[in-house]
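# Chain and residue survey
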Number of protein chains: 2
Amino acid sequence: MTLQIPLEHSNCSDCPIRHRAVCAHCDGDELAELEEIKYYRTFEAGQTIIWSGDQMNFVGSVVSGIASLTQTMEDGRTQMVGLLLPSDFVGRPGRESAAYDVLATTDVVMCCFRKKPFEELMARTPHIAHRLLQMTLDELDAAREWMLVLGRKTAREKIASLLSIIARRDASISKDRRAEPIVFDLPLTREAMADYLGLTLETVSRQMSALKKDGVILLEGKRHVTIPDMGRLMEEAGDDTDGGFLV
Amino acid sequence: MTLQIPLEHSNCSDCPIRHRAVCAHCDGDELAELEEIKYYRTFEAGQTIIWSGDQMNFVGSVVSGIASLTQTMEDGRTQMVGLLLPSDFVGRPGRESAAYDVLATTDVVMCCFRKKPFEELMARTPHIAHRLLQMTLDELDAAREWMLVLGRKTAREKIASLLSIIARRDASISKDRRAEPIVFDLPLTREAMADYLGLTLETVSRQMSALKKDGVILLEGKRHVTIPDMGRLMEEAGDDTDGGFLV
DNA sequence: CGATTTCTTGACTTCGGTCAAACCTGGTGG
DNA sequence: CCACCAGGTTTGACCGAAGTCAAGAAATCG
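Rules of the game
Residues numbered from 1 in each chain as written. Chains lettered and ligands numbered in written order. Predicted model: local features only at pLDDT ≥ 70, side-chain atom pairs only at ≥ 80, totals over all residues. Pairing = 2+ DSSP bridges. Helix = DSSP H or I, 4+ residues; strand = E, 2+ residues; numbered from the N terminus. Axes fitted to C-alpha atoms, helices over the stretch in contact; angles between N-to-C directions. Contact = placed C-beta atoms within 7 Å. Least-squares fit on C-alpha atoms with pLDDT ≥ 70 in both. Nonpolar A, V, L, I, M, F, W, Y, C, P; charged D, E, K, R; others polar. UniProt positions renumbered as here; feature names shortened; annotations may be inferred.

### Remarks on the sheet that holds strand 7 (residues 101-104) of chain B
- The strand order 2-7-4-5 (chain B) describes an open sheet built from four strands, whose pairing is antiparallel. On the outer flanks of this sheet lie strand 2 (48-50) and strand 5 (78-84) of chain B, each paired with one strand and no other. With strand direction ignored, the average angle separating the axes of adjacent strands in the sheet is 35°.
- Helix 3 (residues 126-152) of chain A contacts strand 4 (67-72) and strand 5 of chain B of the sheet and is inclined by roughly 135° relative to strand 5 of chain B.
- The strands touched by helix 5 (residues 190-197) of chain B within the sheet are strand 4 and strand 5 of chain B, with strand 5 of chain B carrying the most contacts at an inclination of about 100°.

Right, here's the structure in full:
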């Protein structure tokens, strides 16, 4: 996959995540200050962006691609605890070292800010602090949603939940929302899905096959997914089929 | 259980959570403004403080007691997604309706602020917004920690994890930290523990018995717990026994 | 003291995990 | 062009941890 985004934007106003990232509320002057401390970095799929425990020199936003926050136990059991999509923020102001591994799931472009200057800027720029609070509250909601999935749903429901989340996100990006069938490419391997859902990759594979056999999803190859009936998928996920207006 | 805290504090400076709650960084003038929009409410153990979906007229802090955030599926499966201890914040500025049920696990006293005035005050008081961001980031970390527990730990490890969290909190409150053995009363029923851990109450009971039989914990009655060896408990939880310095 | 809630324990079932083998699919080099 | 390989994936056989159903025991409370 080749990257369509030139590595150095002359200015933030062209940025694809301008209106959704931590800089969303910033005015021209504030953007100018951010421009001065920003730089871009790219990572290839599979690369580790940050190791848990490492010193953090920067915070930043995912511009394109998908990254994941992952926790690992000594014996190797791993659990993904966050899925970072374009515009999502990485790093915690005020913290010295990283609390989780950050992995590039696909090729990733990040817009990085040197940490110290960013913290100083944030301290005197309510627009940034306010946006970061909003985003953090949204992430907390997402994490809590996920706790229900991890704690109480069956394997089939877990898979359906993940697919419906990805489908919903893709639908919100494409111009023709509500258009069925929904079609997308899975950005995750079966193993990554398993790590997200607290399952083994074998169980993920089996449940994908079962959902396919039952006509809930269509598969071409391993990654290309078609969802003929979104309502059906959400029923399978155990979610309230009507009131699903989250984000 | 009788409440030791008088319902109306003449001023915030006497408040037991003054230095930990959302008002922690406030100066005298800011506190005076908060005093004007605050009021106290009490709830009995088992009462519902807020129903998911209800209109929120207030936000606030837990002053004493324990509350829980809980999600429920249509078929009755429930998952606790947050445990609210004294000084924890309830409600989300900018949101109209509650996203989760809030239940009083024990008798609870809350310090409430009328929502509208609080939001206005927050908008012009960086001290409050900054503290709320800090607290939200901490909650997010706790939620992610819990995702590892829910997704990857065995029933025995889950119980040990919950006990070590409660023990650690109690140890941080008591003056003589690091003092072993650690002794405390479980503030949760077996069912609440199960809802927290994504287990059934039978499994919770069995694993509690097993940990008791193996000498990891001592039980007097059902609720009074003694932990003779905190390191041992943390091993059982599958946590790194040394670097465990989280909050 | 009953009565009710909470907890424990047992017997059995089941869902998802483990181990192992085979299957694609796309890339590499002969 | 094809053989071969490697990573990702699928599928099968079997197992075990946790769930379900049910009966009692213990604590709590009017």
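### Some thoughts on the sheet that holds strand 8 (residues 108-114) of chain A
Residue and element names in this part refer to chain A.
- Pairing in this open sheet of four strands is antiparallel, and the strands run 1-8-3-6 from one edge to the other. Each end of this open sheet is capped by a strand with a single partner; those strands are strand 1 (38-43) and strand 6 (89-90).
- Both strand 3 (residues 58-64) and strand 8 contribute to a ladder of six bridges, which runs antiparallel. Bridge pairing links Val-59 to Phe-113 in strand 8.

### Regarding the relation of the copies chain B and chain A
- When chain B is fitted to chain A, the best match, at an RMSD of 0.1 Å, comes from turning it 180° and sliding it 0.0 Å along the axis. When the rotation and shift are considered jointly, the pair of chain copies conforms to a two-fold rotation axis.
- Mapped onto chain A, 100% of the interface residues of chain B are again interface residues, and the two copies thus contact each other with one and the same surface.

### Quick look at the interface of chain B and chain A
- Taken together, the contact pairs 30 residues of chain B with 30 residues of chain A.
- With 18 residues, the single largest contributor to the side of chain B that touches chain A is helix 3 (residues 126-152) of chain B.
- By residue class, the composition of the side of chain B that touches chain A is 14 nonpolar, eight polar and eight charged.

### Focus: the UniProt feature "domain: Cyclic nucleotide-binding" (unreviewed entry) in chain A
- Residues annotated by UniProt as "domain: Cyclic nucleotide-binding" (unreviewed entry) correspond here to residues 22-139 of chain A.
- Across residues 22-139 of chain A, helical content stands at 28% and strand content at 36%; the span's end C-alpha atoms are separated by 13 Å.

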